[in-house]
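Here is what each chain is made of, one letter per residue.
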Amino acid sequence: MPKLRPLLKGRSLNWLGVVPFLAFALLFLILPTMNIVTGAFFDAEGKLTLQNIGNLFTPEITNAFSLSIRLSLASSIIGCSVGFAIALAVCLGGLPRGLRAVTMTFSGVASNFAGVPLSFAYMATLGRVGFVTMLLRDWFGVNIYTMGFNLIGFWGLVMTYVFFQIPLMVLIITPAVDGLRREWREAAEVLGASTSQYWRMVALPVLWPSLLGTLALLFANSFGAVATAIALTGSLLSIAPILLFNQIRGDVLQDPHLGYALAFGMIVITGLSNGVYIVMRSRAERWMK
């Protein structure tokens, strides 16, 4: 019994170390989410109603969610493809070891580079009087804006999102690529498999859960992004986060409970995406043991 008390005391001190995290999660994540979810099912008089959820299916809001989903899909697919190629080149391409450290460091920084600084960087580079735009026009006679390019349009915003989607993909998928064992490739070669057969029958099936899970995570990451979209396009693109931002400011809809419903819809979509990521990650971890 005397030996048990110090052990219990040590465990209680360990729990004390996570109290700040638990308090932060409770105050800034759990309680606000619960308030949003409950607020979506009440009207201004405090009565239960499904009208707020029904209002999500008006043309303006459905178009905003549709645009957000297409934007997130495009940026996540591009980011997943390019980031996967970079991870393969760094891990398996025989490049210098120092290049991997530089790539991972840059990816860690770039994956968090968003909002106003990222929007300003793109406008200074690819805006109508941006550096690259003027360079192409003056040196090569190519005006990308007369050719249909528009930085504050759909594909311009996709290009901006891709900047932080690619490094995030590199950070997440690199451990999975490292998990490919050399013995698997050697066994495939001994059995007479070609490189393409190895990737088609061994490597990609092993990596597939990680790829799908990371794609879902990238989708959720771009779906909830608002600062970059507002700083770059203002309200020209009516996507769900901008619509919710306008609702919070009270400039457009002026209905707080509809704002709760908008946030609830976004929580459902991002929650499903994160759920897919968690399930796929658990499947991928079985191959890493």
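Residues numbered from 1 in each chain as written. Predicted model: local features only at pLDDT ≥ 70, side-chain atom pairs only at ≥ 80, totals over all residues. Heavy atoms only, no water.

Mapping glutamine 247 onto the fold places it in helix α12 (residues 240–249). Residue classification places glutamine 247 among the buried positions, given a relative accessible area of 6%. In this structure, the C-alpha to C-alpha distance between glutamine 247 and leucine 258, residues eleven residues apart in sequence, is 8.2 Å. (Helix = DSSP H or I, 4+ residues; strand = E, 2+ residues; numbered from the N terminus. Buried < 20%, exposed > 50% of the residue type's maximum accessible area, 1.4 Å probe, protein only.)

To continue, consider the packing of aromatic side chains. Counting across every chain of the model gives ten aromatic pairs. Judged by centre distance (5.7 Å) and plane angle (75 degrees), the rings of tyrosine 198 and tryptophan 199 are edge-to-face. Neither residue differs from the other here; tyrosine 198 and tryptophan 199 are each classed as buried. Between the aromatic rings of phenylalanine 219 and phenylalanine 223, the centroid separation amounts to 5.9 Å while the plane-to-plane angle is 20 degrees, which identifies the pairing as stacked. Of this pair, phenylalanine 219 and phenylalanine 223 both sit in helix α10 (residues 195–223), four residues apart, roughly one helical turn. A connected cluster of aromatic rings, assembled from ring pairs, spans Phe65, Phe219 and Phe223. (Phe/Tyr/Trp six-rings, centres within 6.5 Å; stacked < 30°, edge-to-face > 60°.)

Attention now moves to the packing of helix α6 (residues 116–126) against helix α7 (residues 131–140). Where α6 meets α7, the closest approach of the two axes is 3 Å, and the angle between their N-to-C directions is 10 degrees. Classified by the angle their axes make, α6 and α7 are roughly parallel. Contacts between α6 and α7 involve Ala124, Thr125 and Leu126 from the former and Phe131, Val132 and Thr133 from the latter. Here the residues of the contact of α6 with α7 sort into four nonpolar, two polar and no charged. (Axes fitted to C-alpha atoms, helices over the stretch in contact; angles between N-to-C directions. Parallel < 35°, antiparallel > 145°, perpendicular 65-115°, else oblique. Contact = heavy atoms within 4.5 Å. Nonpolar A, V, L, I, M, F, W, Y, C, P; charged D, E, K, R; others polar.)

It is worth spelling out the layout of surface pockets at this point. Its boundaries defined by the atoms lining it, the largest pocket holds a volume of some 330 Å³. Lining the largest pocket are 16 residues, with Ile36, Leu244, Gly259, Ala263 and Ile267 sitting closest to its centre. Elements that contribute at least two residues to the lining of the largest pocket include exactly α2 (19–39), α12 and α13 (256–288). With seven residues, α13 is the largest single contributor of residues to the lining of the largest pocket. Its residues assigned to classes, the lining of the largest pocket shows eleven nonpolar, five polar and no charged. Each pocket or cavity is described by its volume, and for the second largest pocket that value is around 230 Å³. Taken together, Leu92, Asp178, Leu180, Arg181, Arg182, Arg185, Glu186, Glu189, Tyr198 and Trp199 form the lining of the second largest pocket. For the lining of the second largest pocket, the secondary structure elements donating two or more residues are α9 (182–190) and α10. Examining the composition of the lining of the second largest pocket, we find that four residues originate from one element, α9, more than from any other. (1 Å grid on protein atoms, 1.4 Å probe; cavity = no way out; pocket = protein on both sides within 12 Å on 5 of 7 lines; lining within 4 Å. Points joined across faces, edges and corners; volume = space filled by probe spheres on them.)

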